[in-house]
Amino acid sequence: MNYNSTRNSSVEKTSKHAIANGISKEGGLFVPCEVPKLTLKQIEDMSKQNYRTIAKTVLSKFLTDFTADEIEACVNSAYTSKKFESDDIAPLHRLNGTASVLELWHGPTCAFKDMALQILPHLMMTSAKSVLDNKKIVILVATSGDTGKAALEGFRDVEGTSIMVFYPEDGVSKVQKLQMNTQEGENVSVCGINGNFDHAQSGVKAIFTDPAMIEKLAENNMIFSSANSINWGRLVPQVVYYVASYCRLIKNGEIKAGDKVNFVVPTGNFGNILAGYYAKMMGIPVNKLICASNSNNVLTDFINNGTYDKNRKFFTTISPSMDILISSNLERLIYELCGKDDKTVSDLMQKLAADGKYTVSDDVLSKIKESFVGGCCTDEQTLITIKETFEKYNYLCDTHTAVAVKVYSDYYNTTGDTTKTVIVSTASPYKFAGDVLSAVKSDADANDEFEVIDILEKISGTCAPKQLKSLKEKEVRFAKTCEKEDMKKVVLEGLNI
Ligand SMILES: *Cc1c(COP(=O)(O)O)cnc(C)c1O
């Protein structure tokens, strides 16, 4: 099975090409020509299997040019009990009679990006061997916090790769910054930029498609690739946990194979929730995909009225990984819903680049509404939700997850929909400990993030992940910042070319 580009349907590339290159030449994103299907019988059989086995089945359906041995090796290197604190990999925590929380943060960096970024380097190196004849892969990442650290952890010291991460200097939490600036590894570098996440992301995109930069790398036997969620190798591992959590609900007797479920997803770049949509296209019975946003509610408006308009105030919130006004992966959804019409997608994306907005047809909007519900909440509501969830269920959730909990609760109260629901939890509460603590105990007195973690452990009776607790002993290796205009220079200097 091959992959088209969202901006040129006549492009047909293997999954190895799509993963090694990240983005198509004309700027489109790679999408599968045809989404493989799972039968109910297969789903039922998978409900008796562990995460790794389910991952192998799902990945091999999409990555048909990988051999079974290659898939096996990639999965077995990524989802180990050494790297993931829970052997379940993605445990499901039952909250009440209808809702369960899918915890995607038991990996090395305590956030859901690990689910994809632990396996992506292996998928990429396997691909590079076949399609890039020994070129060195240069990974550029724009991050609003969690991607950067997760990518650094995934790629560190992976032979034949070099990774550079740009983050908005004032748009990430203290712990996130410390996690990145203390990163170990010989092939890594990290740089803050004076700008927001969208600046970092546009800067990286511009470097990727700059002919002079591409030429310069080629002269040095190097090639750019992306570990951002536009890379198909990021998206496809995320389909796995939608399938796996559905299977787990069957195993736990909460549903029967064939029953529909809702997924609530705290959303930024639209990568996570799009993976849920691919799971639905594969045959997982999904009622609604509920797209939860913070005050940067560009997606809520889009789902409700069909106009995507990024011309609005940008908010720096307490759920910073969702502080995004251009959700890159939406392009893939629109491509799927407008009948794979590359011309329509190209036009809309051109409008977005020129005017900062576009409107989809009524037909596309009604298809969006068939599958998606959009909701949003403020920081204040997020904090109240953390407190209430802790008091009611003795469950501590992080700020991003709390946005999803709140949007779900609004959805439940307005629709009365009692369909079993999976709330996707994207970060450990300890990763955003300051805000989480202020929500559950407003008079707590702590001098730094590490004291906050200690207090939170006492209050909740849970243990903080050791990789966060040990951060304070680590040496800061990177303290550089640059202007967004200077990103190209930083890249060339970093590569010594
Ligand atoms: C990245 C991230 C999100 C948003 O995921 P998208 O795939 O960009 O929609 C939500 N929560 C956390 C903690 C994240 O790191």
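One structure accompanies this document, and this report is about it. This is a predicted model, so every value here is computed, not measured.

**Some remarks on the sheet that holds strand E8 (residues 188-194)**
- Spatial ordering of the open sheet is given by E9-E6-E7-E8-E16, a layout of five strands whose pairing is parallel. Lying at the two open borders of the sheet, with one neighbouring strand each, are strand E9 (222-226) and strand E16 (481-483). Neighbour-to-neighbour, the strand axes of the sheet open up by a mean angle of 30°, direction not taken into account.
- Across six bridges, strand E7 (residues 161-168) lies against E8 in parallel orientation. Counted as the bridge partner of proline 168 is isoleucine 193 from E8.
- Contacts from helix H9 (residues 197-209) reach strand E6 (136-142), E7, E8 and E9, with the element oriented near 155° to E6.
- Of the strands in this sheet, E6, E7, E8, E9 and E16 are in contact with helix H22 (residues 487-495), which crosses E7 at around 150°.

**As for the side chain of serine 327**
- Residue position: serine 327 is located in the loop between strand E12 (307-309) and helix H14 (330-337).
- Excluding residues within four positions of it along the chain, serine 327 makes contact with Gly268, Asn269, Phe270, Leu299 and Tyr308.

**Considering the site of the ligand**
- Around the ligand sit 15 residues, and of these Lys113, Asp146, Gly268, Asn269 and Thr426 come closest.
- At 3.2 Å from an oxygen atom of the ligand is found a main-chain nitrogen or oxygen belonging to phenylalanine 270.
- Threonine 426 has a polar side-chain atom sitting 2.8 Å from a nitrogen atom of the ligand.
- In the complex, the protein chains occlude 98% of the 380 Å² of accessible area that the ligand would expose alone.
- Split into classes, the residues belonging to the shell around the ligand amount to five nonpolar, eight polar and two charged.

**Here's the deal with the packing of aromatic side chains**
- Inspection of every chain in the model, using the stated rule, returns 14 aromatic pairs.
- Summarising the aromatic geometry, the rings of tyrosine 51 and tyrosine 79 are spaced 5.4 Å apart at their centres and angled 75° between planes, so their arrangement reads as edge-to-face. In this pair, tyrosine 51 is assigned in helix H3 (residues 51-62) and tyrosine 79 in the loop between helix H4 (68-78) and strand E4 (92-94), connecting sequence segments 28 residues apart. Residues tyrosine 51 and tyrosine 79 agree in their burial class; the two are buried.
- Here a set of aromatic residues connected by ring pairs shows up, and it is made of Tyr3, Phe62, Trp232 and Tyr278.

**Observations concerning a negative patch on the surface**
- Taken together, the side chains of Glu483, Glu485, Asp486 and Glu493 define an acidic patch exposed on the protein surface.
- On the secondary structure map, glutamate 493 appears in helix H22.

**Focus on the packing of H14 against helix H15 (residues 342-355)**
- Between H14 and H15, the shortest axis-to-axis distance is 9 Å and the interhelical angle comes to 145°. As for the relative orientation of H14 and H15, their crossing is right-handed in sense. Along its contact with H14, which presents Glu331, Ile334 and Tyr335, the element H15 presents Asp342, Val345, Leu348 and Met349.
- Among the residues forming the contact of H14 with H15, the class breakdown is five nonpolar, no polar and two charged.

**A look at the pattern of salt bridges**
- Enumeration over the complete set of coordinates arrives at 23 salt bridges.
- Across the pair glutamate 184 and lysine 474 runs a salt bridge whose closest N-O atoms are separated by 3.3 Å. Taken together, the residues span a long stretch of sequence, with glutamate 184 in the loop between helix H8 (174-181) and E8 and lysine 474 in the loop between helix H21 (466-469) and E16 at a distance of 290 residues.
- The partner of lysine 387 in a salt bridge is glutamate 391, and the shortest N-O contact between them spans 3.1 Å. Highlighted residues: lysine 387 and glutamate 391, both in helix H17 (residues 379-393), separated by four residues, approximately one helical turn.
- Shared partners join several salt bridges into a network, and the residues in it are Lys149, Glu153, Arg156, Glu184 and Lys474.

Here is what the cut-offs are and how they apply
- Residues numbered from 1 in each chain as written.
- Predicted model: local features only at pLDDT ≥ 70, side-chain atom pairs only at ≥ 80, totals over all residues.
- Heavy atoms only, no water.
- Pairing = 2+ DSSP bridges.
- Helix = DSSP H or I, 4+ residues; strand = E, 2+ residues; numbered from the N terminus.
- Axes fitted to C-alpha atoms, helices over the stretch in contact; angles between N-to-C directions.
- Contact = heavy atoms within 4.5 Å.
- Near = heavy atom within 4 Å.
- Polar contact = N/O pair within 3.5 Å; in protein donor to acceptor, adjacent residues only side chain to side chain.
- Areas by Shrake-Rupley, 256 points an atom, 1.4 Å probe, with all protein chains shown as cover.
- Nonpolar A, V, L, I, M, F, W, Y, C, P; charged D, E, K, R; others polar.
- Phe/Tyr/Trp six-rings, centres within 6.5 Å; stacked < 30°, edge-to-face > 60°.
- Buried < 20%, exposed > 50% of the residue type's maximum accessible area, 1.4 Å probe, protein only.
- Patch = residues over 30% accessible without salt bridge, like charges linked within 9 Å, V, L, I, M, F, W, Y side chains within 5 Å.
- Salt bridge = Lys/Arg side-chain N within 4 Å of Asp/Glu carboxyl O.
- Lys, Arg positive; Asp, Glu negative; His and termini not counted.
- Charge placed at Lys NZ, Arg CZ, Asp CG, Glu CD.
- Left-handed = near helix turned anticlockwise from the far one by under 90°.

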